[in-house]
Amino acid sequence: MRNSICFFCISLLFISCGGGGSDGPTPTPEPANTAPTVPTLVAPTNALLCINNVVNFEWGTSTDAENNPITYQIQIATDNQFVQIVSTADVSSRTQTFTLDKGKAYYWRVKAIDSKNASSAYSGTYSFYTEGIGVTNHLPFLPEIIQPETNTTITGTIATLKWFAFDADVADILTYDVYLGTVNPPTVKVAENSTSSIFEATSLQAATQYYWRIVVKDNKGGETRGQVWNFRTN
C-alpha cells in the first residue's frame, strides 16, 4: 500500500513539472500574401500608329494589400499570343523605352510582381505600329478571337465563328478569308472576301476536332494571316 501511494505522488510530481503545457503563447500565423492588382496600360494606346520606332511605354500603378514593394514586367511581341516575344524587361518604374524595328506591328502587356514573388495576371493587350520609311500602307493587325474560344467544346454541329480585326490605317476597308477544316493548319477556304467578321459553320461532324484561321485583307493589297484556332464538337 505504501509503495502505491509513493508511486502516485511521484506521478503527480512529473505531471506538474513535466511539460504537458506550452512554454508560451501560440504564435499568430502570418497572413497569406496576396498578389498586386493588374496594371492598366496607358501608352502607346491601342491600335496606335507610332511616328517613329523609339517607343515610350507607360502604365498605371498597381496596389498591394500588404504594401509590399512592387516591380513590373513588360513584354513586347510580334504576335498577340506572345509566342514571338522580342523584348521583356523587369522594372521598378511605370515607364520604359524600347527601340524597335520600323514598319512592324507590335503587341504589349504588363504584369505586377511584389517582393514576395506574387504576381498579378497580365494586363490586357494593346497593339501599335511603328512607322517605316516611305510606308504608305500598314498591314492589318492580327485578328482576335471572340468565339468559340480556342480549345473548347461546342454543343451541336453548328458553330458561329466570330473574330475582331482592325487596321492602323483607320480608313482601310477590311475583308476576310475564312479557313476551316479537320487538319492543322486548315487548307479549305469556306469564305472569301467576306465583309462580315462572323461566319456560320454548318453541317459539322459530331465528336470532331476542327481548326480555323482568318486571313485579314485591306483594300490596298495588305494581308495578315491569323494564327490557327481550334474547337471540338461533342
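What counts and how
Residues numbered from 1 in each chain as written. Predicted model: local features only at pLDDT ≥ 70, side-chain atom pairs only at ≥ 80, totals over all residues. Heavy atoms only, no water. Pairing = 2+ DSSP bridges. Helix = DSSP H or I, 4+ residues; strand = E, 2+ residues; numbered from the N terminus. Axes fitted to C-alpha atoms, helices over the stretch in contact; angles between N-to-C directions. Core = buried A, V, L, I, M, F, W, Y, C linked by side-chain atoms within 4.5 Å. Buried < 20%, exposed > 50% of the residue type's maximum accessible area, 1.4 Å probe, protein only. Phe/Tyr/Trp six-rings, centres within 6.5 Å; stacked < 30°, edge-to-face > 60°. Lys NZ or Arg CZ within 6 Å of the ring centre and 35° of its normal. Contact = heavy atoms within 4.5 Å. pLDDT = per-residue confidence, 0-100. Salt bridge = Lys/Arg side-chain N within 4 Å of Asp/Glu carboxyl O.

Examining the sheet that holds strand 14 (residues 198-201)
In spatial order, the strands read 9-11-14; together these three strands make up an open sheet with antiparallel pairing. The two strands at the open ends of the sheet, each matched to only one other strand, are strand 9 (144-147) and strand 14. With strand direction ignored, the average angle separating the axes of adjacent strands in the sheet is 25 degrees.

Examining the nonpolar core
Leu161, Trp163, Leu204, Trp212, Ile214 and Phe231 are the most contacted members of the largest nonpolar core, which has 19 residues in total. Where this core is concerned, the elements lending two or more residues are strand 11 (159-164), strand 12 (175-181), strand 14, strand 15 (209-217) and strand 17 (229-233). Considering each element in turn, this core owes the most residues, four residues, to strand 15. If you look at the next biggest cluster of nonpolar residues, it comprises 18 residues, including Val55, Phe57, Tyr72 and Val110.

What to know about the packing of aromatic side chains
A full pass over the atoms with the stated rule returns 14 aromatic pairs. Ring centres of Phe57 and Phe128 lie 5.6 Å apart, and the angle between their planes is 70 degrees; on these two criteria the pair is classed as edge-to-face. One end of the pair, Phe57, is in strand 3 (residues 54-59); the other, Phe128, is in strand 8 (residues 126-130), with 71 residues separating them in the sequence. Classification of Phe128 as buried rests on a relative accessible area of 0%. Aromatic pair Tyr210 and Phe231: ring centres 5.7 Å apart, planes at 20 degrees, arrangement stacked. With Tyr210 in strand 15 and Phe231 in strand 17, the pair connects residues that are 21 residues apart, well separated along the chain. With relative accessibility at 0%, the residue Phe231 sits in the buried group. An aromatic cluster is present here, built from Phe57, Phe98, Tyr106, Trp108, Tyr126 and Phe128 joined pairwise through their rings. The ring of Phe82 carries Arg109 above its face, with NZ or CZ at 4.0 Å from the centroid.

Brief notes about the environment of Ile198
When you line up the elements, Ile198 lands in strand 14. Look at Ile198 and you get partly exposed, because its relative accessible area is 42%. Separated by 36 residues in sequence, Ile198 and Lys162 have C-alpha atoms that sit 4.6 Å apart. Apart from the residues within four sequence positions on either side, Ile198 is in contact with Thr160, Leu161, Lys162 and Trp163.

Overview of unusual backbone geometry
Note the cis peptide between Ala43 and Pro44, where omega equals 0 degrees. Assignment of secondary structure puts Pro44 in the loop between strand 1 (41-43) and strand 2 (48-50). Cis geometry marks the peptide bond from Asn184 to Pro185, where omega comes out at 0 degrees. Tracing the chain through its elements places Pro185 in the loop between strand 12 and strand 13 (189-194). Positive phi outside glycine occurs at Asn67, with the angle close to 60 degrees.

Overview of the confidence of the model for the protein
Detailed reading of predicted coordinates is not advised where the pLDDT is low. On average, the protein scores 90 in pLDDT, and the residues at 70 or more come to 88%. Across residues 5-10, where pLDDT falls below 50, the model places zero contacts with residues more than four positions away in sequence or in other chains. Scored below 50 in pLDDT, residues 12-19 shows zero contacts in the model against residues more than four places distant or in partner chains.

Quick notes on the pattern of salt bridges
Tallying each qualifying case throughout the model produces five salt bridges. The closest approach of N and O atoms between Asp101 and Lys104, which form a salt bridge, is 3.2 Å. A salt bridge links Lys189 to Glu192; the nearest nitrogen and oxygen atoms lie 3.3 Å apart. A relative accessible area of 51% means that Glu192 is categorised as exposed.

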